[in-house]
Amino acid sequence: MKEPRPAWPLPPGQQLAAPGKWPLVGERTPAPPTPASLPDIGNNAATGNDTVVGNDAATGASRAELPRSEPDFLSGNRDAEGWSLRMVGLVDRPQLWTIGQLAELPTVERAIDIHCVTRWSMLDTLWRGVPLRVLLAAAAPQAEARFLSFVSRSPRRHSTSLPLADIERLDPLVAWQWQGSPIPEPHGGPLRLIVPDRYFYKSLKWLETIEVLAEDRLGYWEREAGYHNRADPWREERFVAAGVTRAEAARILRDLALSGLNVLGLDGSHRELDGLRASHAVLRAADFSRSQLRGADFRHANLSGASFREARLAGADFSAADVEGVDFRGADLRGVDFRGASLFGVWLVEETTATRALDGGNAVDVVDGRKTLVDATTRFDPAVWEQLSPAQAAFLTQALGLPPSA
Ligand SMILES: Nc1nc2c(c(=O)[nH]1)N[C@H]1C(S)=C(S)[C@@H](COP(=O)(O)O)O[C@H]1N2
Ligand SMILES: [Mo]
C-alpha cells in the first residue's frame, strides 16, 4: 500500500474535490461513429459547456480546420466497442489501433494528479494506458512536425493540442482504465488522453484522432473561451487575457445591463453595481472583487473562475448559474440564492485554515479583516455538499449552524 499523500501543497488556487466525487465537466457523451468515421468540417455549432449545469452561450466563432483525409487503410478496423485511435498527419507511418491493439503495446499504470481549471483537484488517480511517446515512435513524425492536435469523437468534435516538444517531459497517457476498471463513458471512456501537469482541459475525452502538425491548431476551449494554450497549473495559466480593457469594462457596466454578454476577464472590481442585470451572461474569470452588487441578477450566468472577493452580494441571485471555482471569500452572501447553481471548486473561506478546522481547530473565515457572511437566508441545494471540498463544506456547516458532517 502507498502512503496517503498530503493534500498540500496543491497548485495555487486549487482545492480538493469532495471525497469520492468526480465532477463531470464539458461534454457528457461521445458521438456515434460516422460511416467513414471522418470528422465533418464546419457548421458544428458550439453547443457545449465547461460546466455541469449547462449555460454556456453558443459563440458561433469560426472553426479551426480539422483533419480532412487519411489513407484508405485507416477506415474500418474497429474493435468490439466500435472504437479505434488513429495517428495521421506529418508521420511516415500513419497508424490505426483498436483498443485491443493498444493494450498489446507496452502499457503502464500511473498515479496522476488532476487539476481542473475550475479549481478542483483530485490526487493520485490511477490510469492504465500506453504512453503517447510509444505511439509517436510507431508513427514516426516527420522533420517539420511541431504540434499534436487531439480530436474527440464527440458531439462538437472537441479538440485540444500540445507541442511535440512537451511530450517527453509531460509523458501523457492514452488511457482506457481508471482505478482498475474501464473509464466510465461520461468521463471519456473507452479512450481518453491524460496529460499530467496541465489543467484537465488538455485531457481529451473520447480520443479518436491524433494529428501531427507543423503549426498549432488551437483546441476548443483555447479558441472559444480564452483558455490558456499551455495550461500549466503551477503557473496558474488559466486564461490568456481579459477580453476588454478596464475603460471598456466601465462603459459596459455603466447602465448595469450585462444580460447575455460574453466577455472574458471583465474588470468590475471596486464598483457600485447594485441591481446589476447579468442573467445568461458569460463572464468567465470576471473580477468583481470589493464591488457592491446587492440584488444583482446572475441567473444562468457563466461566472467560472470569477472573483467576488469581499463583494457585497446580499440578495443577489445566482440560481442555475455556473460559479465553478468562484472566489467568494470575505463576501456578504446573506439572502443569496445559489439553487441550481454549479459550485464545484467555490471558495468561501481560506482553504488552509479551514482544513485545519477539520482536525478540531477553529475555522478562520476571515479574509483581509472581512468575514464571509453566510446564514440561513443563503439558499443552497441539499446537493451542495457533493460539490464542495471538505474544507469549504466544513465552513458552510459551521456558518449555517448545522450539526457537523451534514
Ligand atoms: N471531448 C471532450 N473532452 C473534454 C472536454 C469536453 O467537453 N469534451 N472537457 C475538458 C475539460 S474542460 C475537463 S475539466 C475535463 C473533464 O473531464 P471529466 O468530465 O472526466 O471530469 O475533460 C476535458 N476533455
Ligand atoms: Mo475544465
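The model shown is predicted, which means the values in this text are computed figures rather than measured ones.

Draft legend 1. Just the overall build of the protein chain, in detail. Scanning the protein chain for helices and strands turns up seven helices and 13 strands. Counting the 406 residues in the protein chain, one finds 54% classified as buried. The contacts of the protein chain with a sequence gap of at least 6 include a subset with a gap of at least 24, amounting to 54%. On the protein chain, roughly 16,700 Å² of surface is accessible, and the fraction owed to carbon and sulfur atoms is 52%.

Draft legend 2. Summary view of the side chain of arginine 217. Topologically, arginine 217 is positioned in the loop between β11 (207-213) and α4 (220-224). Here the side chain of arginine 217 touches serine 149 through a polar contact of 2.9 Å, side chain to side chain.

Draft legend 3. Representation of the pattern of salt bridges. In this structure the tally under the stated criterion is 28 salt bridges. Of the charged contacts, one joins aspartate 232 and arginine 235 as a salt bridge, the two residues approaching to 3.5 Å between their closest N and O atoms. As a salt-bridge pair, arginine 290 and glutamate 310 come within 3.3 Å of each other at their nearest N and O atoms. One end of the pair, arginine 290, is in the loop between α5 (246-254) and α6 (351-358); the other, glutamate 310, is in the loop between α5 and α6, and 20 residues separate them in sequence.

Draft legend 4. Representation of the packing of aromatic side chains. One pass over the full model with this rule turns up 18 aromatic pairs. Arranged with centres 5.9 Å apart and planes meeting at 85 degrees, the rings of tryptophan 22 and tryptophan 127 form a pair that is edge-to-face. Within this pair, whereas tryptophan 22 is found in the loop between β1 (15-16) and β2 (84-89), its partner tryptophan 127 is found in strand β5 (residues 120-131), the two being separated by 105 residues in sequence. Each member of the pair, tryptophan 22 as well as tryptophan 127, carries the same accessibility label: buried. Between the aromatic rings of phenylalanine 318 and phenylalanine 338, the centroid separation amounts to 5.4 Å while the plane-to-plane angle is 20 degrees, which identifies the pairing as stacked. On the criterion of sequence distance, the pair formed by phenylalanine 318 in the loop between α5 and α6 and phenylalanine 338 in the loop between α5 and α6 is long-range, its members being 20 residues apart. On the basis of relative accessibility, which here comes to 0%, the residue phenylalanine 318 falls in the buried class. Aromatic rings pair up to connect Phe288, Phe298, Phe308, Phe318, Phe328, Phe338 and Phe380 into one cluster. Over the face of the ring belonging to tryptophan 83 we find arginine 153, whose NZ or CZ atom lies 4.0 Å from the ring centre. Over the aromatic face of tyrosine 220 sits the side chain of arginine 156, whose NZ or CZ is 4.0 Å from the ring centroid.

Draft legend 5. Quick peek at the environment of alanine 286. Within the fold, alanine 286 resides in the loop between α5 and α6. Residue classification places alanine 286 among the buried positions, given a relative accessible area of 1%. Taking the C-alpha atoms as reference points, alanine 286 and valine 263, separated by 23 residues in sequence, lie 8.1 Å from one another.

Draft legend 6. Region of the structure containing empty space enclosed by the protein. For the coordinates displayed, the defined rule picks out six cavities of 30 Å³ or more. Of the pockets and cavities examined, the largest cavity occupies roughly 250 Å³. As for the largest cavity, its lining consists of 21 residues, and the residues nearest its centre are Val25, Arg192, Phe200, Ser203 and Lys205. Broken down by class, the residue content of the lining of the largest cavity amounts to eleven nonpolar, five polar and five charged.

Draft legend 7. View of the site of ligand 1. As a matter of local geometry, ligand 1 sits amid 21 residues, with Pro23, Glu27, Arg156, His187 and Lys205 nearest to it. In the environment of ligand 1, an oxygen atom lies 3.0 Å from a nitrogen or oxygen atom belonging to the side chain of tryptophan 22. Here an oxygen atom of ligand 1 and a backbone polar atom of valine 25 are 2.9 Å apart. Alone, ligand 1 offers 530 Å² of accessible surface; in the complex the protein occludes 100% of this. In a pocket analysis with a 2 Å cut-off to the grid points, ligand 1 is assigned to the largest cavity. Split into classes, the residues belonging to the shell around ligand 1 amount to eleven nonpolar, five polar and five charged.

Draft legend 8. Spatial organisation of the sheet that holds strand β6 (residues 147-152). As summarised here, the arrangement of the five strands in space is β3-β2-β11-β6-β7, forming an open sheet in which the pairing is mixed. At either end of the open sheet lies a strand with only one pairing partner, and these are β3 (95-98) and β7 (159-163). Neighbour to neighbour, the strand axes of the sheet diverge by 15 degrees on average, direction disregarded. Bridge analysis of β6 against β11 gives six bridges, and the strand direction is antiparallel. Within β11, the residue paired with leucine 148 across the bridge is valine 212. Of the strands in this sheet, β2, β3, β6 and β11 are in contact with helix α2 (residues 132-139), which crosses β2 at around 55 degrees.

Calculation criteria
- Residues numbered from 1 in each chain as written.
- Chains lettered and ligands numbered in written order.
- Predicted model: local features only at pLDDT ≥ 70, side-chain atom pairs only at ≥ 80, totals over all residues.
- Heavy atoms only, no water.
- Helix = DSSP H or I, 4+ residues; strand = E, 2+ residues; numbered from the N terminus.
- Buried < 20%, exposed > 50% of the residue type's maximum accessible area, 1.4 Å probe, protein only.
- Contact = heavy atoms within 4.5 Å.
- Areas by Shrake-Rupley, 256 points an atom, 1.4 Å probe, with all protein chains shown as cover.
- Polar contact = N/O pair within 3.5 Å; in protein donor to acceptor, adjacent residues only side chain to side chain.
- Salt bridge = Lys/Arg side-chain N within 4 Å of Asp/Glu carboxyl O.
- Phe/Tyr/Trp six-rings, centres within 6.5 Å; stacked < 30°, edge-to-face > 60°.
- Lys NZ or Arg CZ within 6 Å of the ring centre and 35° of its normal.
- 1 Å grid on protein atoms, 1.4 Å probe; cavity = no way out; pocket = protein on both sides within 12 Å on 5 of 7 lines; lining within 4 Å.
- Points joined across faces, edges and corners; volume = space filled by probe spheres on them.
- Nonpolar A, V, L, I, M, F, W, Y, C, P; charged D, E, K, R; others polar.
- Near = heavy atom within 4 Å.
- Sits in = over half its atoms within 2 Å of the grid points.
- Pairing = 2+ DSSP bridges.
- Axes fitted to C-alpha atoms, helices over the stretch in contact; angles between N-to-C directions.

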